[in-house]
Amino acid sequence: ETGVTQSPTHLIKTRGQQVTLRCSSQSGHNTVSWYQQALGQGPQFIFQYYREEENGRGNFPPRFSGLQFPNYSSELNVNALELDDSALYLCASRGQGLLYGYTFGSGTRLTVV
Amino acid sequence: AQSVSQHNHHVILSEAASLELGCNYSYGGTVNLFWYVQYPGQHLQLLLKYFSGDPLVKGIKGFEAEFIKSKFSFNLRKPSVQWSDTAEYFCAVNAGAGNMLTFGGGTRLMVKP
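Reference entry: report on the structure contained in this document. (Residues numbered from 1 in each chain as written. Chains lettered and ligands numbered in written order. Predicted model: local features only at pLDDT ≥ 70, side-chain atom pairs only at ≥ 80, totals over all residues. Heavy atoms only, no water.)

This part takes up the side chain of E75(A). Within the element layout of this structure, E75(A) appears in strand β8 (residues 74-78). For E75(A), a relative accessible area of 15% corresponds to the buried category. (Helix = DSSP H or I, 4+ residues; strand = E, 2+ residues; numbered from the N terminus. Buried < 20%, exposed > 50% of the residue type's maximum accessible area, 1.4 Å probe, protein only.)

On the chain B side, the residues contacting the 20 residues of chain A number 18 residues. The junction of chain A with chain B conceals about 1,500 Å² of combined surface from both sides, 61% of it contributed by carbon and sulfur atoms. At the junction of chain A with chain B, the criterion picks out zero salt bridges. Run the count over chain A and chain B and you get two residue pairs in polar contact (both at pLDDT 80 or more). Broken down by secondary-structure element, the contributors of at least two residues to the side of chain A that touches chain B are β4 (31-37), β5 (44-50) and β9 (87-94) of chain A. The element that contributes the greatest number of residues to the side of chain A that touches chain B is β9(A), accounting for three residues. (Contact = heavy atoms within 4.5 Å. Buried area = accessible area lost by both parts, 1.4 Å probe. Salt bridge = Lys/Arg side-chain N within 4 Å of Asp/Glu carboxyl O. Polar contact = N/O pair within 3.5 Å; in protein donor to acceptor, adjacent residues only side chain to side chain.)

All names here are of chain A. On the secondary structure map, Y50 appears in strand β5. In this structure the C-alpha to C-alpha distance between Y50 and V32, which are 18 residues apart in sequence, comes to 6.7 Å. Beyond its immediate chain neighbours, meaning those up to four positions away, Y50 contacts N30, T31, N55, Q68 and Q96. Looking at Y50, its side chain comes within polar contact range of the side chain of R51, at 3.2 Å.

Our focus in this paragraph is unusual backbone geometry. S7(A) connects to P8(A) through a cis peptide bond whose omega is -10 degrees. Position of P8(A) relative to the elements: it lies in the loop between β1 (5-7) and β2 (10-13). Phi is positive for A80(A), close to 45 degrees, though the residue is something other than glycine. In this model, K61(B) sits at a positive phi of 60 degrees, which is unusual for a non-glycine residue. Owing to a relative accessible area of 44%, K61(B) belongs among the partly exposed residues under this scheme.

Residues and elements named next belong to chain A. Tallied over the entire structure, the rule returns 15 aromatic pairs over all chains. Judged by centre distance (5.6 Å) and plane angle (65 degrees), the ring pair of Y35 and F45 falls under edge-to-face. A residue pair is termed long-range when its members are at least 10 positions apart, and Y35 in strand β4 and F45 in strand β5 qualify at 10 residues. By relative accessible area, which is 0% here, Y35 ends up buried. Accessibility expressed as a relative area gives 10% for F45, which makes it buried. (Phe/Tyr/Trp six-rings, centres within 6.5 Å; stacked < 30°, edge-to-face > 60°.)

Everything listed here is a matter of coordinates, which is why it stays silent on function.
Shown next as structure tokens:
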């Protein structure tokens, strides 16, 4: 069991730039979700991918986009960064069904200046 | 839309004290309920979950939670806390299609040795 790994761990970007965050799912997991956790708050659902298709989206604007690859790894892309995008971005994966819950990565800390 | 409330934002206890963290959700249908823990500098870890059956569920590290449907609650308990339980605790709900999780704002627990 390799767990969920995310890269990079920390990132500083300038307002208006674009960023790509990466996630490797736990072995055998075909569903991946991304969450945004602002300081002092609980994680907020961004979107979810299953077999390379987006199958759920939270209340985030279109400048937040994603991809899932055939090996079930995933990317989160954010365009036109805003200061409020500063947060911890969490990737979570699971296998078939929700029975065993999601396995979370340690996150990428994004700071927009 | 579903929402989750954790009314205790910060809790300070001495070792061996009993713990109860509140969690209330708003959704009238069938729900799946989770408690996650985030130790300092670590990723979110699943403590326990409820899907169906016995409303009293036991998790890892001596934690348990009780689902009370009439109160829309899923409170987390531990009879005797340890210093190593210092962490942030998140309640989460899954309801409806998509299997995404809706998290509460978290409760930061500090246990004094």
